[in-house]
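Structural characterization, general
Read off the chains here:
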Amino acid sequence: MAAAKEILLRRPVAATIRLTVPAGGARPAPPVGPALGQYRLNLMAFCKDFNARTQKYKPDTPMAVTITAFKDNSFEFTVKSPSVSWYVKKAAGVDKGSTRPGHLTVTTLSVRHVYEIAKVKQTDPFCQYMPLESICKSIIGTANSMGIKIVQDLE
């Protein structure tokens, strides 16, 4: 019986919008304005809520946002932490990865860096139930595909 009640309480979804917005930098200008405006969502409410949720991050950190727009012009959104590749590039101190990964090594990272990135990514809604070891393996794979070598300790 609970399933029937849950179905009746659901609101009809108009759209699911995915954006990458700088932390603390949501403004009603593009890309946020046109994406939310076409579904007649309250732009200023989203900007204030997003900026309040992301104030703990450094400005200009790219945050992935998934906005669920409902037919009654209301919305919900979830904020994910920045991508693994962004964290790896910041930790390595490079602007972009290798042009030939597997052949050219751009720089090296220690396992300690990988562990710290994994601890941050574990707070993500989609990674919170994954073991830390699995997240670390995924980060190592991302670093290898960017041409960044993982070592035990940096010399």
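Because the structure is predicted, anything quoted here is derived from the model rather than measured.

A closer look at the overall build of the protein
The helix and strand inventory of the protein stands at six helices and five strands. Judged by the C-alpha coordinates and their principal axes, the protein covers about 60 × 45 × 30 Å. Nonlocal contacts in the protein, meaning residues at least 24 apart in sequence, comprise 63% of its contacts between residues at least 6 apart. For the protein, the separation between the mean place of its 21 positive charges and that of its 11 negative charges on side chains is 5 Å.

Some thoughts on the packing of helix 4 (residues 84-92) against helix 6 (residues 132-145)
For the pair helix 4 and helix 6, the least separation of the axes is 10 Å and the interaxial angle reads 70°. It follows from the interaxial angle that helix 4 and helix 6 lie roughly perpendicular. In the packing of helix 4 onto helix 6, the handedness of the crossing is right-handed. Contacts between helix 4 and helix 6 involve Val84, Ser85 and Val88 from the former and Ile139, Thr142 and Ala143 from the latter. The residue makeup of the contact of helix 4 with helix 6, split by class, is four nonpolar, two polar and no charged.

Here's the deal with the environment of Lys80
Relative to the helices and strands, Lys80 resides in strand 3 (residues 75-80). In this structure, the C-alpha to C-alpha distance between Lys80 and Thr54, residues 26 residues apart in sequence, is 9.9 Å. In this structure Lys80 touches Met63, Ala64, Thr66, Asp124 and Phe126, once residues within four positions along its chain are discounted.

A word on the UniProt feature "domain: Large ribosomal subunit protein uL11 C-terminal" (unreviewed entry) in the protein
Taking the numbering used here, the UniProt-annotated feature "domain: Large ribosomal subunit protein uL11 C-terminal" (unreviewed entry) corresponds to residues 80-150. Secondary structure content for residues 80-150 is 48% helix and 11% strand, and the end C-alpha separation is 25 Å.

A few points about the UniProt feature "domain: Large ribosomal subunit protein uL11 N-terminal" (unreviewed entry) in the protein
UniProt tags residues 17-75 as "domain: Large ribosomal subunit protein uL11 N-terminal" (unreviewed entry). Annotated as residues 17-75, this span is 29% helix and 27% strand, and its ends, taken at the C-alpha atoms, are 10 Å apart.

Considering the packing of helix 4 against helix 5 (residues 111-121)
Running from amino to carboxyl end, helix 4 crosses helix 5 at an angle of 145°, the nearest separation of the two axes being 11 Å. The chirality of how helix 4 crosses helix 5 is right-handed. For the pair formed by helix 4 and helix 5, the contact residues are Val84, Tyr87, Val88 and Ala91 on the first element and His113, Ile117, Val120 and Lys121 on the second. Broken down by class, the residue content of the contact of helix 4 with helix 5 amounts to six nonpolar, one polar and one charged.

As for unusual backbone geometry
The omega torsion across Pro30 and Pro31 is 5°, close enough to zero to call that bond cis. Inspection of the secondary structure puts Pro31 in the loop between strand 1 (13-22) and helix 2 (32-37). At Arg40, a residue that is not glycine, the phi angle is positive and equals roughly 60°. Owing to a relative accessible area of 67%, Arg40 belongs among the exposed residues under this scheme. If you check the backbone angles, Asn73 has positive phi at about 65° while not being a glycine.

Definitions and limits used
- Residues numbered from 1 in each chain as written.
- Predicted model: local features only at pLDDT ≥ 70, side-chain atom pairs only at ≥ 80, totals over all residues.
- Heavy atoms only, no water.
- Helix = DSSP H or I, 4+ residues; strand = E, 2+ residues; numbered from the N terminus.
- Contact = heavy atoms within 4.5 Å.
- Lys, Arg positive; Asp, Glu negative; His and termini not counted.
- Charge placed at Lys NZ, Arg CZ, Asp CG, Glu CD.
- Axes fitted to C-alpha atoms, helices over the stretch in contact; angles between N-to-C directions.
- Parallel < 35°, antiparallel > 145°, perpendicular 65-115°, else oblique.
- Left-handed = near helix turned anticlockwise from the far one by under 90°.
- Nonpolar A, V, L, I, M, F, W, Y, C, P; charged D, E, K, R; others polar.
- UniProt positions renumbered as here; feature names shortened; annotations may be inferred.
- Buried < 20%, exposed > 50% of the residue type's maximum accessible area, 1.4 Å probe, protein only.

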